[in-house]
Amino acid sequence: MDSAGQDINLNSPNKGLLSDSMTDVPVDTAVATQSPVVEGLTEAEEEELKAELAKVEEEIVTLRQVLAAKERHCGELKRKLGLSALEGLKQNLSKSWHDVQVSNAYKKTQETLTQAGQKTSAALSTMGSAISRKLGDMRNSATFRSFEDRVGTIKSKVVGDRENGSDNLPSPTGSGDKPF
């Protein structure tokens, strides 16, 4: 593939890294002479266009060589300064994060989330107080006290039997020696 027809992808990780062998590739003008003559062009116009095409292709090769040299020089300078790609990325991310933090959208979002957090905290506090109050009211109710007394009685019978050394628990069918 000749270098004049080669596309340069500026997003490529190999951008500007032309090998020395590619810089010495001559421009191929034979392709232009093999194409059929376009109707309406005189032979002089065709020769003029071919010469201009050769000149432009030559300039493209020269510009690629200059760009590759500049990028190598830039890489050397960065290396000498101790700047790496990672350092550059870190600086870019830091600057970008700073830009985001000073943006109006970020500030408004931060204010909104702070207010929402405060309102949520207040609502949860109110809800917790209400639940505590209801549980306190329920514990003081007659039904709960009656239930608590019955559980206490059953517990004392079960624990009392175990403390006396008897592991005989009353059977669920009621056929045991002790009444449940």
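For clarity, every value in this text was computed on a predicted model and none was experimentally measured.

A. Local environment of the overall build of the protein. A count of helices and strands for the protein gives six helices and zero strands. Each helix and strand of the protein, placed in order from N terminus to C terminus, yields the pattern α-α-α-α-α-α. A fraction of 50% describes how many contacts in the protein between residues 6 or more apart in sequence connect residues 24 or more apart. A total accessible area of about 15,300 Å² is found for the protein, and carbon and sulfur atoms account for 58% of it.

B. Representation of helix α3 (residues 43-81) in the model. End to end, α3 covers 57 Å across 39 residues, agreeing with the expected 57 Å (1.5 Å per residue, within 8%). Positioned one or two residues after α3, Gly 82 has a phi angle of 80°, which is positive.

C. Structural detail: the packing of aromatic side chains. Under the counting rule described, the total for this entry stands at one aromatic pair. Relative to Tyr 106, the ring of Trp 97 has its centre 5.9 Å away and its plane inclined at 80°; by these criteria the two rings are edge-to-face. On the basis of relative accessible area, Trp 97 is assigned to the partly exposed category, the value being 47%.

D. Molecular detail of the pattern of salt bridges. Using the criterion set out here, one finds three salt bridges in the structure. Notably, a salt bridge pairs Lys 50 with Glu 46, separated by 3.1 Å at the nearest N-O pair. Of this pair, Lys 50 and Glu 46 both sit in helix α3, four residues apart, which is roughly one turn of that helix. Here Lys 95 ties to Asp 99 by a salt bridge, and the two come within 3.1 Å at their closest N and O atoms. Separated by four residues within a single helix, Lys 95 and Asp 99 lie in helix α4 (residues 85-101), roughly one turn from each other. Its relative accessible area of 38% is what places Asp 99 among the partly exposed residues.

E. Local environment of a nonpolar patch on the surface. On the surface, Leu 124, Met 127, Ile 131, Leu 135 and Met 138 cluster together into a nonpolar patch covering about 490 Å² of accessible area. With respect to the helices and strands, the residue Leu 135 is situated in helix α5 (residues 104-139). We classify Leu 135 as partly exposed; its relative accessible area is 49%.

F. Expanded view of the confidence of the model for the protein. Chain-level pLDDT for the protein is 78 on average; 68% of the residues reach the 70-or-more range. Within the protein, helix α1 (residues 20-23) has the poorest average pLDDT of any element, 48, and α3 the best, 94. Every residue in residues 1-6 is under pLDDT 50, and counting partners more than four places away or in other chains gives ten contacts.

Conventions adopted
- Residues numbered from 1 in each chain as written.
- Predicted model: local features only at pLDDT ≥ 70, side-chain atom pairs only at ≥ 80, totals over all residues.
- Heavy atoms only, no water.
- Helix = DSSP H or I, 4+ residues; strand = E, 2+ residues; numbered from the N terminus.
- Contact = heavy atoms within 4.5 Å.
- Areas by Shrake-Rupley, 256 points an atom, 1.4 Å probe, with all protein chains shown as cover.
- Expected span 1.5 Å × (residues − 1).
- Phe/Tyr/Trp six-rings, centres within 6.5 Å; stacked < 30°, edge-to-face > 60°.
- Buried < 20%, exposed > 50% of the residue type's maximum accessible area, 1.4 Å probe, protein only.
- Salt bridge = Lys/Arg side-chain N within 4 Å of Asp/Glu carboxyl O.
- Patch = residues over 30% accessible without salt bridge, like charges linked within 9 Å, V, L, I, M, F, W, Y side chains within 5 Å.
- pLDDT = per-residue confidence, 0-100.

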